Amino acid sequence: MLSLRGVSKRFAAVEALRSVDLDVGADELVVVLGPTGAGKTTLLRTIAGLEQPDAGTLSMDGRDLALLAPAERDVALVFQNFSLYPRWTVRQNMEFPLRAPGRSLTEAQIKERVEGAASMLKIGHLLERPSTRLSGGEMQRVAIGRAIVRRPRIFLLDEPLTNLDAKLRESLRVELVELRRALKTPMVFVTHDQAEALSTADRIVVLSQGRVLQTGTPEEVYRRPASPVVARQLGQPAINLLKAAREWAPAGVAEGTLVGIRPEDIAPEGGPLEGTVRVVEDMGPTKTLLVEWAGAEVHIVAPKGFAARPGDKVRPRVGAFVAWRSE
Amino acid sequence: MIELSKLEKTYPDGTRAVKGIDLSVTEGEFVVLLGPSGCGKTTTLRMIAGLELATGGTVRLGGQDVTRLRPSRRDVGMVFQFYALYPHMTVRQNIAFPLECVGAPDRDARVAEVAKRMGMEHLVALYPRQLSGGDQQRVALARSMVRRPRVWLMDEPLGTLDADQRQAMREFIRAQQIESKVTTIYVTHDQEEAMSLADRIVVMEAGVIAQIGTPAEVYDRPASLFVANFVGSPGMNLVREGDGTLGVRPEFVRVDPAGAIAGRVAMDEYLGSVRMIHVDTERGRIVMRSSEKRAAGESVRLSFDEGHVRRFDASGRAVC
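### As for the overall build of chain A
Here is step 1: The number of helices and strands found in chain A is eight helices and 19 strands.
Here is step 2: Projecting the C-alpha coordinates of chain A onto the three principal axes gives extents of approximately 75 × 45 × 35 Å.
Here is step 3: The burial tally for chain A puts 42% of its 327 residues in the buried class.
Here is step 4: Sequence separation of at least 24 residues holds for 63% of the intrachain contacts in chain A that already meet a minimum separation of 6.

### A look at the packing of helix α2 (residues 91-102) of chain B against helix α3 (residues 107-117) of chain B
All names here are of chain B.
Here is step 1: The contact between α2 and α3 brings their axes to 10 Å, and the two run at 125°. Comparing their axes, α3 and α2 come out oblique. Relative to α3, α2 is oriented so that their crossing is right-handed. Contacts from Arg-92, Ile-95, Ala-96 and Leu-99 of α2 reach α3 at Arg-107, Arg-110, Val-111, Val-114 and Ala-115.
Here is step 2: Tallied by class, the residues present in the contact of α2 with α3 amount to six nonpolar, no polar and three charged.

### Side note on the pairing of strand β10 (residues 208-213) of chain B
Remark: a regular strand shows side chains that alternate across the two faces of the sheet.
Here is step 1: Alignment of strand β9 (residues 200-205) of chain B against β10 of chain B, held across five bridges, turns out to be antiparallel. By the bridge assignment for β10 of chain B, Val-203 of chain B is matched with Gln-211 of chain B.

### Topic: the domain arrangement of chain B
Here is step 1: Its domain assignment divides chain B into domain 1 (2-220) and domain 2 (234-312).
Here is step 2: Spacing between the C-alpha centres of domain 1 of chain B and domain 2 of chain B amounts to 38 Å.

### Examining the environment of Met-195 of chain B
Here is step 1: Relative to the assigned elements, Met-195 of chain B resides in helix α6 (residues 191-197).
Here is step 2: Considering only alpha carbons, one finds Met-195 of chain B and Pro-215 of chain B, 20 residues apart in sequence, at a separation of 5.2 Å.
Here is step 3: Contacts of Met-195 of chain B, omitting those with residues within four sequence positions, involve Asp-282, Met-283 and Gly-284 of chain A together with Pro-215 and Tyr-219 of chain B.

### So, helix α3 (residues 107-120) of chain A
All names here are of chain A.
Here is step 1: A rise of 1.5 Å per residue sets the reference length of α3, with its 14 residues, at 20 Å; its end C-alpha atoms lie 20 Å apart and thus fit the reference within 8%.
Here is step 2: Listed in full, the buried residues belonging to α3 are Arg-113, Val-114, Ala-117 and Ala-118. Seen along its axis, α3 keeps its buried residues to an arc of 125°; they face one direction. α3 presents Ala-108, Gln-109 and Ser-119 as exposed residues on the side facing more than 90 degrees away from its buried surface.
Here is step 3: Buried residues belonging to α3 abut α2 (90-95) and α4 (136-148).
Here is step 4: Residue Lys-122 follows α3 closely and has a positive phi angle near 60°.

### Observations concerning the interface of chain B and chain A
A common way to state how big an interface is: give the accessible area lost once the parts meet.
Here is step 1: Of the residues lining the interface, 32 residues belong to chain B; the matching set on chain A comes to 33 residues.
Here is step 2: For the side of chain B that touches chain A, the secondary structure elements donating two or more residues are α5 (163-180), α6, α7 (215-220) and β14 (261-270) of chain B.
Here is step 3: Among the elements that take part in the side of chain B that touches chain A, α5 of chain B stands out by supplying six residues, more than any other.

### Notes on the sheet that holds strand β15 (residues 286-293) of chain A
All names here are of chain A.
Here is step 1: Within the open sheet, the four strands sit side by side as β16-β15-β14-β17. Their pairing is antiparallel. A strand with exactly one partner marks an edge of an open sheet, and here the two such strands are β16 (296-303) and β17 (313-314).
Here is step 2: Note that β15 and β16 share eight bridges and pair antiparallel. From the neighbouring strand, Leu-289 faces β16, where its bridge partner is Ile-300.

### Focus: the nonpolar core
Here is step 1: The biggest cluster of nonpolar side chains holds 81 residues, and the ones touching the most others in it are Val-32 and Val-203 of chain B.
Here is step 2: Aside from chain neighbours lying at most four places away, what touches Val-203 of chain B is Leu-34, Gly-35, Ala-210, Gln-211, Val-218, Val-227, Phe-230 and Val-231 of chain B.
Here is step 3: Leu-4, Met-139, Val-212 and Ile-300 of chain A belong to the second largest nonpolar core, which has 78 residues in total.

### Re the domain arrangement of chain A
Here is step 1: Segmentation of chain A into domains returns domain 1 (2-225) and domain 2 (240-324).
Here is step 2: Between domain 1 of chain A and domain 2 of chain A, the C-alpha centre-to-centre distance is 39 Å.

### Here we look at the confidence of the model for chain B
Here is step 1: For chain B, mean pLDDT is 92; residues scoring 70 or higher make up 99% of the total.
Here is step 2: Predicted as a complex, the structure gets a pTM of 0.88 and an ipTM equal to 0.88.

### Overview of the packing of helix α4 (residues 133-145) of chain B against α5 of chain B
Residues and elements named next belong to chain B.
Here is step 1: The contact between α4 and α5 brings their axes to 11 Å, and the two run at 20°. In terms of their interaxial angle, α4 and α5 are classed as roughly parallel. By crossing handedness, the relation of α4 to α5 is classed as right-handed. Contacts from Gly-133, Gly-134, Gln-137, Arg-138, Leu-141 and Met-145 of α4 reach α5 at Gln-165, Ala-168, Met-169, Phe-172, Ile-173 and Ser-180.
Here is step 2: Here the contact of α4 with α5 is built from residues that sort into six nonpolar, five polar and one charged.

Criteria and thresholds
Counting from 1, residues in each chain are numbered in the order their sequence is written. For naming, the first written chain is A and the first written ligand is 1, with later ones following in the order written. Given that this is a predicted model, residues contribute local features only at a pLDDT of at least 70 and side-chain atom pairs are listed and counted only at 80 or more, while totals for whole chains, interfaces and linings are drawn from all residues. A run of H or I in DSSP becomes a helix once it reaches four residues, and a run of E becomes a strand once it reaches two; helices and strands are each numbered from the N terminus. Any residue whose C-beta has 12 or fewer other C-beta atoms within 10 Å is treated as exposed, any with 20 or more as buried, and any in between as partly exposed, C-beta atoms being built from the backbone. With C-beta atoms placed from the backbone, a contact is any residue pair whose C-beta atoms sit within 7 Å. To obtain an axis, a line is fitted to C-alpha atoms, over the contacting stretch when the element is a helix, and the angle between two such axes runs from 0 to 180 degrees between their N-to-C directions. Any angle that is under 35 degrees is reported as roughly parallel, and any over 145 degrees as roughly antiparallel; angles of 65 to 115 degrees are reported as roughly perpendicular and all others as oblique. By convention the crossing between two helices is left-handed if the near helix lies anticlockwise of the far one by an angle smaller than a right angle, and right-handed if it lies clockwise. Three residue categories are used. Nonpolar comprises Ala, Val, Leu, Ile, Met, Phe, Trp, Tyr, Cys and Pro, charged comprises Asp, Glu, Lys and Arg, and polar comprises the others, including Gly. Strand pairing is defined by DSSP finding a minimum of two bridges between the two strands. Marked domain ranges trace back to an automatic or database domain assignment. In this analysis, the expected span of each helix is defined as 1.5 Å times one less than the number of residues it contains. Our arc is simply the arc of the directions from the helix axis toward the C-beta atoms. To form a nonpolar core, buried Ala, Val, Leu, Ile, Met, Phe, Trp, Tyr and Cys residues must be joined through C-beta atoms within 7 Å. For every residue, the predictor states its confidence as a pLDDT score lying anywhere from 0 to 100.

See the structure below:
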């Protein structure tokens, strides 16, 4: 339904987007994952029509987007730094886009849409409250609500959860998935948070320095990263990257091959080579160990009951891994 | 080493940010103040630093009552979320800056020592703009340590770093603290940071202390419903039972054909190393930690690992 081909955008010396291809199916949630400066926001702004691409084409439902002004594209953008009108109630804030010139909705239709969106977002009880008397999470819901009432053809979300508390982010990301199911509208969700990407996406697009490095389902990108750079983008703690050595290399892996091993794929005991525990973090259901091993520092996720202190000796055993051919 | 006694902060508009808390931190301990925004954790830290004056109670550092002392007289090192290095000074000059003000004769030696211990000798001639975010924050940490303060205070120091750097900085801070043995108080809203860093966690809620304990105690035996939900990612499952509530962590829920609770899978939340299976049941939403995939819509029966069920009374306090 939304399709980008070879989209490039340059700002002075910076190539913000380099020949980006992207497809978002009807009903699909695509997450664009990348660090600060990867080009994520430029990508969304280009889809919204706020930036003009230097090269490439964008189309939606077969129509060339270049022919449509931002207002005609029927996209809804939700930003990280949302702003509500402070003097207005939640209801007034949510009605605002529906009262824009060119919309011809009856009062009854406006009421129905606002209340429908509010109940979906669980802010029905806040409708008459001034927007200055909301918590951060409530404000972000209202900002999303303001986008929903428009019933756009696509939602573009730019790090909408980033400024919120960790705990709130966790519950809002679950709500986001449920919301998307209820709305049946495609979404492009931009974030630098790998947990948000893995847990919400139908497909993840990994973006780095304006270039798409890999596109795939969360499991594909997590389990079979195309490159070490992609591998480092997903997983917390990050994947261990090591040059295979004879003393510990998994069967069939040539010495010197670059190997990526997820921390949960190394057991602390049972391997051939000894290592020394440096840091132990009690994470609740598991423990995270930082171990000096094989000439490197590796992270290991150990079971909750694994007793270890800094200085202890362990024998890491490698389970699943990814190996990349050297360039 | 640090004694807070009935410490209070009421702002002129009547807001009671901190409502009379007691806390005793021993020499060399790493204590994390954890809670949501507005719980009073930052205000508490600022009162220890002297950046806010208490409206009631006392702050004692090393036996001395410092409640009314200016920040510069308290011998504390502070690190904030925004590192605020001086852009026109080199890393060496930035680290040395706190010593300029007190005129320490062994200034150069102390800067060199801190730079060496923190592994940033190769950075000392650079300017802040030439450093990554993580290295800038390391310099801010070094600057706060160069005076060898009695107490190290940190307010969300990892706030602006990305995930990869956060893990590295967490390990760096912990290693530095273990080596220097300086008593540390660290403020965060991120329970994962708190679990990974603390000797003891102080969970705060609405200006009061909800629980004090080691990470394992707070995680395994939360004192109240608030702590049960706030600590853990996701928080404890909470199920009404009679007047009270049962609490069980997602890793102690399992699919069990003979289980007492029937439900339907609402969502399979993939997190890479693990999955969180969200199940809607007649007792509410229950989240199960799992390595197996589950299709949304699937009917399942669940049971809890009895040895790990917590019980809370009608007022939300743990009863066992």
